[in-house]
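# Structural characterization, general
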Amino acid sequence: MSEDAVDSLFQALYSLTDIREIFRKTSPHHELTEDQKKQMDELIEKVRKNLDEIEGEMLE
Amino acid sequence: MIGDALESRAREELFINLNPIQAAGRLTPEAMKTMISYGDGYSTCDWCQHPFRLDKIDKPPIAEFHTDLPEFLGMDEARVVPGARRGFQAVVSSLVDEGDTVLASALSHYTEFLSVEQVGGIIREVPVNEKNVHTGKATGEKVEEVKEGTGELPKLIFVDHFDYTYGNEHEVEEIVRVANEHDIPVLYNGAYTVGVMPVHGKELGVDFLVGSGHKSFASPAPSGILATTDEWADKVFRTTEMEGDVTGRSFGIKEVEMLGCTLMGSNVIAMMASFPRIRERVENWEEEVDKAEYFLEEFLKIEGNKVLSEMPRKHTLVKVDTRESFDQIAKGHDRRGYFLYDELKERGIIGIFPGATRTWKMNTYGLTWKQVKYLAKSFQEIARKYDIQVEE
């Protein structure tokens, strides 16, 4: 059972959802404040980490 | 794309959406996450155990939500329902018989009519005053009129706290006072209040309180809330007493008006997920109204623009009149009324009815200050482009 990979999958989707919220709050021009840029950066990093975990568990 | 036929809906991500009924139904990020995780049909039923009813499920904590919800609303009992209309339906079906009269305002939602028609009742409309407000006085007069005409009192009075047309506030407390004088129960339609502003049913003195998840509780459609007091809970949430004549089957504590379990799956979980933010955001209602006021102040600087809703605003939903401004441009424009829609869309703004340049509705709820200021600036920019005067 790939419990960790599935957990990483959901965490990635949730982080992407938080990114989605930033798009919503900054529409239509998506000019991010410094705080939003920092938050976006952290979320992207989290998604990358989650994808690495999925890749590591499922493909290596 | 989702499959070959469904586009991703990215209106909220790409645009400022002014759609008057969408604003407070936009999901919180938490609710969006539940749609990912709890979308499967019977996702709420994984741990459903005796006595087998949605509002009794502990995992996920739906039972706890059903304890928190009436407390939040200042009522005794609450159920989630598939939309406010199903709340109206449950109450009317419990209280109104064929030929009975029910009062609703001339600005009431059409589903109030349908819920009464379904049981063979008769809706009588209470006229609104010159300011488009449903008053206690007019309600009292209508009660007397019905009593004189039929020999009986109305069985129920609907009161929409804020209506869907103007977003005007109606005289809930005065209407309740009149209803109490005649011992007529009151159903409070909070489709535009529950989830955006503080609402306390018992302080208002209402017997039934209905909210809309998809209009004002940051939840997917259909979703809603029906809450009531101890006095009425046994009637509206009565449990089944029927038995099958062949099998002898009966269905325990299933509630008749709820048709057993109500709002299953991701919709109820999304309501639960949005609930903590809902608790917070109702405390920020004044700021939301301030944003609407700011926008309108700027909007009214455009020569010819008018606001048809009551002023100063008490709600973020507003009906405006641009017959003397944008509609004059539409008359000579190749795209006629669509020119305004086009100009707004070009600026990343959608949600007003395509083609509308006469009277139309919008809602600024949930927009950031930056978005509201941009919105105001955009309308003024469009006005200037077509040589409509804008007060500096």
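Residues numbered from 1 in each chain as written. Chains lettered and ligands numbered in written order. Predicted model: local features only at pLDDT ≥ 70, side-chain atom pairs only at ≥ 80, totals over all residues. Heavy atoms only, no water.

Let's shift gears to the overall build of chain B. Looking only at helices and strands, chain B has 15 helices and twelve strands in total. With the principal axes as the frame, chain B shows a C-alpha extent of 75 × 60 × 35 Å. Here the contacts in chain B between residues at least 6 apart in sequence split such that 66% fall between residues at least 24 apart. On chain B, roughly 17,900 Å² of surface is accessible, and the fraction owed to carbon and sulfur atoms is 48%. Counting 45 positive and 66 negative side-chain charges, chain B places the averaged centre of each group 5 Å from the other. (Helix = DSSP H or I, 4+ residues; strand = E, 2+ residues; numbered from the N terminus. Contact = heavy atoms within 4.5 Å. Areas by Shrake-Rupley, 256 points an atom, 1.4 Å probe, with all protein chains shown as cover. Lys, Arg positive; Asp, Glu negative; His and termini not counted. Charge placed at Lys NZ, Arg CZ, Asp CG, Glu CD.)

Residues and elements named next belong to chain B. Counting through the fold element by element, R281 comes out in helix α11 (residues 266–281). The buried charged residue R281 lacks any salt bridge partner; its closest oppositely charged side chain belongs to E288, at an N-O distance of 7.6 Å. Excluding its chain neighbours within four sequence positions, the residues that come into contact with R281 are A24, G195, V196, S216, F217, A218 and Y365. (Buried < 20%, exposed > 50% of the residue type's maximum accessible area, 1.4 Å probe, protein only. Salt bridge = Lys/Arg side-chain N within 4 Å of Asp/Glu carboxyl O.)

Further remarks concern the packing of helix α2 (residues 29–37) of chain B against α11 of chain B. Residue and element names in this part refer to chain B. Where α2 contacts α11, the two axes come as close as 7 Å, and the packing angle between them is 155 degrees. Judged by the angle between their axes, α2 and α11 are roughly antiparallel. Of the two possible hands of crossing, α2 and α11 adopt the one that is right-handed. Across from P29, E30, A31, T34 and M35 in α2, the residues of α11 making contact are S266, N267, I269, A270, A273, S274 and R277. (Axes fitted to C-alpha atoms, helices over the stretch in contact; angles between N-to-C directions. Parallel < 35°, antiparallel > 145°, perpendicular 65-115°, else oblique. Left-handed = near helix turned anticlockwise from the far one by under 90°.)

This part takes up helix α15 (residues 369–385) of chain B. Because an α-helix packs 3.6 residues into every turn, residues spaced three or four apart end up facing the same way. Residues and elements named next belong to chain B. In this model, α15 (17 residues) spans 24 Å end to end at C-alpha, consistent with the 24 Å of a helix rising 1.5 Å per residue. Within the span of α15, buried status applies to Q371, V372, Y374, L375, A376, S378, F379, Q380, I382 and A383. Positive phi appears at D387, one or two residues downstream of α15, with a value of about 65 degrees. (Expected span 1.5 Å × (residues − 1).)

Let's shift gears to the packing of aromatic side chains. Taken as a whole and judged by the stated rule, the model has 16 aromatic pairs over all chains. Centroid distance F10 of chain A to Y14 of chain A: 6.0 Å. Interplanar angle 35 degrees. Geometry classified as tilted. Pair noted here: F10 of chain A and Y14 of chain A are both in helix α1 (residues 3–25), with a separation of four residues, about one helical turn. Classification of Y14 of chain A by relative accessible area gives buried; the value is 18%. Centroid distance F326 of chain B to F339 of chain B: 6.5 Å. Interplanar angle 55 degrees. Geometry classified as tilted. Separated by 13 residues along the polypeptide, F326 of chain B in helix α13 (residues 326–332) and F339 of chain B in helix α14 (residues 338–346) bring together distant segments of the chain. F339 of chain B carries the same exposure label as F326 of chain B, and that label is buried. The rings of F295, F299, F326, F339, W360, F379 and Y386 of chain B are connected pair by pair, giving a single aromatic cluster. Cation over ring: R79 of chain B sits above F237 of chain B, and NZ or CZ is 4.3 Å from the ring centre. (Phe/Tyr/Trp six-rings, centres within 6.5 Å; stacked < 30°, edge-to-face > 60°. Lys NZ or Arg CZ within 6 Å of the ring centre and 35° of its normal.)

Before going further, it helps to examine helix α2 (residues 34–59) of chain A. Residues and elements named next belong to chain A. Across its 26 residues, α2 extends 37 Å between first and last C-alpha, which sits within 8% of the 38 Å expected from 1.5 Å per residue. Here α2 has its buried residues at Q36, M40, L43, V47 and N50. Considering only its buried residues, α2 is in contact with α1.

Moving on to the sheet that holds strand β12 (residues 359–363) of chain B. Residues and elements named next belong to chain B. Within the open sheet, the three strands sit side by side as β9-β10-β12. Their pairing is antiparallel. Here the strands that pair on one side only, and so sit at the sheet edges, are β9 (306–307) and β12. Bridge count between strand β10 (residues 317–321) and β12: five bridges; the pairing is antiparallel. Of the residues in β12, the one forming a bridge with D321 is T359. (Pairing = 2+ DSSP bridges.)

Bringing the nonpolar core into the picture now. Residue and element names in this part refer to chain B. Within the largest apolar cluster, 53 residues are counted, with the highest numbers of intra-cluster contacts made by L69, L73 and F217. The dominant element in this core, judged by the number of residues it contributes, is α11, at six residues. Beyond its immediate chain neighbours, meaning those up to four positions away, L69 contacts A78, V80, F217, I225 and F275. Counting residues in each nonpolar core, the second largest holds 31 residues, with L18, A330, I349 and I388 among its members. (Core = buried A, V, L, I, M, F, W, Y, C linked by side-chain atoms within 4.5 Å.)

So, about the packing of helix α6 (residues 136–150) of chain B against helix α7 (residues 172–182) of chain B. Residue and element names in this part refer to chain B. For the pair α6 and α7, the least separation of the axes is 8 Å and the interaxial angle reads 30 degrees. On the basis of the axis angle, α6 is roughly parallel to α7. Note on packing geometry: the crossing formed by α6 with α7 is right-handed. Here G136, T139, G140, V143 and E144 of α6 lie close against α7, whose contacting residues are E174, I175, V178 and H182. Of the residues that constitute the contact of α6 with α7, the class distribution is three nonpolar, four polar and two charged. (Nonpolar A, V, L, I, M, F, W, Y, C, P; charged D, E, K, R; others polar.)

With that settled, consider unusual backbone geometry. At the junction of S27 of chain A and P28 of chain A, the peptide bond is cis and its omega measures out at 0 degrees in the coordinates. One can find P28 of chain A in the loop between α1 and α2. Residues K59 of chain B and P60 of chain B are joined by a peptide bond in cis, for which omega reads -5 degrees. With respect to the secondary-structure elements, P60 of chain B resides in the loop between α2 and α3 (62–73).

Residues at a pLDDT of 70 or more form 100% of chain B, whose mean pLDDT is 97. Predicted complex metrics record ipTM = 0.97 and pTM = 0.96. (pLDDT = per-residue confidence, 0-100.)

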